[in-house]
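Coordinates in review
Each chain, letter by letter, is given below.
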Amino acid sequence: MDTEKRNRKKKIVRVGLTVMIPLIVLTLASCGKVQSAKSLQRLAKMEHGKCTVVSKTETTNSTVVVLHDTLQDFDYEYRSTMHDISIDGASFGSLPSGSDTFMESLEKKVIANVQSDLDTICNKPGMHYEGYDDGKDVLMILYCANEKDGEEAASACAEVLNTQNVNNRLDGLLIYVVGNQETKWYDNDYYGSVKLPDTDFRTPTEEKIEYYTEMAQEKTDPQAKFLRMETGVFQDTGADLNRVVYALGSDYPTEMNSPVTFYYFEASDGAEYYLCDFNYYDEDGYNFSWYTNYQGN
C-alpha cells in the first residue's frame, strides 16, 4: 500500500474514532463509581500479599485506604477516585481510576533497611548513592568518579539488596551507575546497570542485547538465541523507508544511508535471522513492530 493510501485510511479511522470515543466514554461514565475500602483491600491482597487496614476514608468521589504489609512491615496506600473527562472542551462526566504506592513504599523500606551496608560500600572518594523510590524500574542510582569503581560497588550493593528481595518482589529493579557530575543524574555519563536479582554489571551495549533478545523472543521465536550484533545502513535491509515508524524521542532511519544496528539470532529450527533497531509498519499501515527478516511462523 502506498503512502497516500495509507494516510487516507488512517484519516478515515481517526474520524470514526472521533465519533465513537465520546459515546464509549459516556457509556462508561454512566456506570462508573469508586471502589469501596473492602474491595481495595481485597485487590491489595491479591496483588501484593497479606495486609491489614491502618485507616480508610470513603466519600462519594474517592476512597483511600492505608494498608500495612505483613510480610515486610511497611505501610502503603490504595486509592480509588473519580476523574472528570473532557474532549475538545466538552465534558463527558467522570470515570473511576485507581492507584497505589506499594512499590514506592517497598523501595523506601528496602533502602532504609540496608542503609548502613550501602553507606559502607559507597564510602569511596567521588562516590555516593541515592534511593530512587518512584515506584518504577530504578531502585538506586550510584554516582561514581570512575566506571570501574562503579561496577564493583553496584554488584556489591546488589548482593546486599537481594537480602531484602522477599518473594522476588525486587526482581527486575535496577541499580543505575552514572558519573559524578553536579547535574541531574540523567544528564551524567551513563555507565550501565545491575538488574536484580542478578549481581553482574551490564554495559549499555549488553543492556541493548538483552532488550532486543527479549523482543525477538516475544515477537518472533520464543526460543531465539542471540548470536551477534552488526552495524550497517538502512539500504542493507531492503525495507521501504516510507514504512519506518517516526517515533518521537528515538533514533530512526530517515535516509537510505542512515545507520542501523542488526541483532542476529538463531531460531529454534536453526535458521539465522536479524532484528533491527527501528520500528516498521505492516502492509496495512496500522500496526508496527521491530523490523525483522524472520520468516518463521
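For the structure itself, consult the block above.
First things first, this report covers the structure right here in the doc. (Residues numbered from 1 in each chain as written. Predicted model: local features only at pLDDT ≥ 70, side-chain atom pairs only at ≥ 80, totals over all residues. Heavy atoms only, no water.)

Under the defined criterion, the tally for this structure stands at ten salt bridges. With a shortest N-O distance of 2.6 Å, E152 and K148 are connected by a salt bridge. Of the two residues, E152 and K148 are both situated in helix α5 (residues 147-162); the distance of four residues between them amounts to about one turn of the helix. Of the residues examined, E152 reaches a relative accessible area of 40% and is grouped as partly exposed. For K148, a relative accessible area of 54% puts it in the exposed group. The closest approach of N and O atoms between E218 and K219, which form a salt bridge, is 3.4 Å. Using a relative accessible area of 53% as the deciding quantity, one classes E218 as exposed. Residue class for K219 comes out partly exposed when judged on its relative accessible area of 46%. What you see here is one network of salt bridges that share partners, running through K195, R202, E207, E210 and E214. (Salt bridge = Lys/Arg side-chain N within 4 Å of Asp/Glu carboxyl O. Helix = DSSP H or I, 4+ residues; strand = E, 2+ residues; numbered from the N terminus. Buried < 20%, exposed > 50% of the residue type's maximum accessible area, 1.4 Å probe, protein only.)

Turning our attention to the sheet that holds strand β8 (residues 190-195). Pairing within the open sheet is mixed, and its five strands lie in the order β5-β6-β7-β8-β9. The sheet terminates laterally at β5 (128-131) and β9 (201-202), the two strands that pair on one side only. Note that β5 and strand β6 (residues 138-144) share four bridges and pair antiparallel. Opposite E130, over in β6, you have I141 as the bridge partner. Running at roughly 50 degrees to β8, helix α6 (residues 204-219) makes contact with β8 and β9 of the sheet. (Pairing = 2+ DSSP bridges. Contact = heavy atoms within 4.5 Å. Axes fitted to C-alpha atoms, helices over the stretch in contact; angles between N-to-C directions.)

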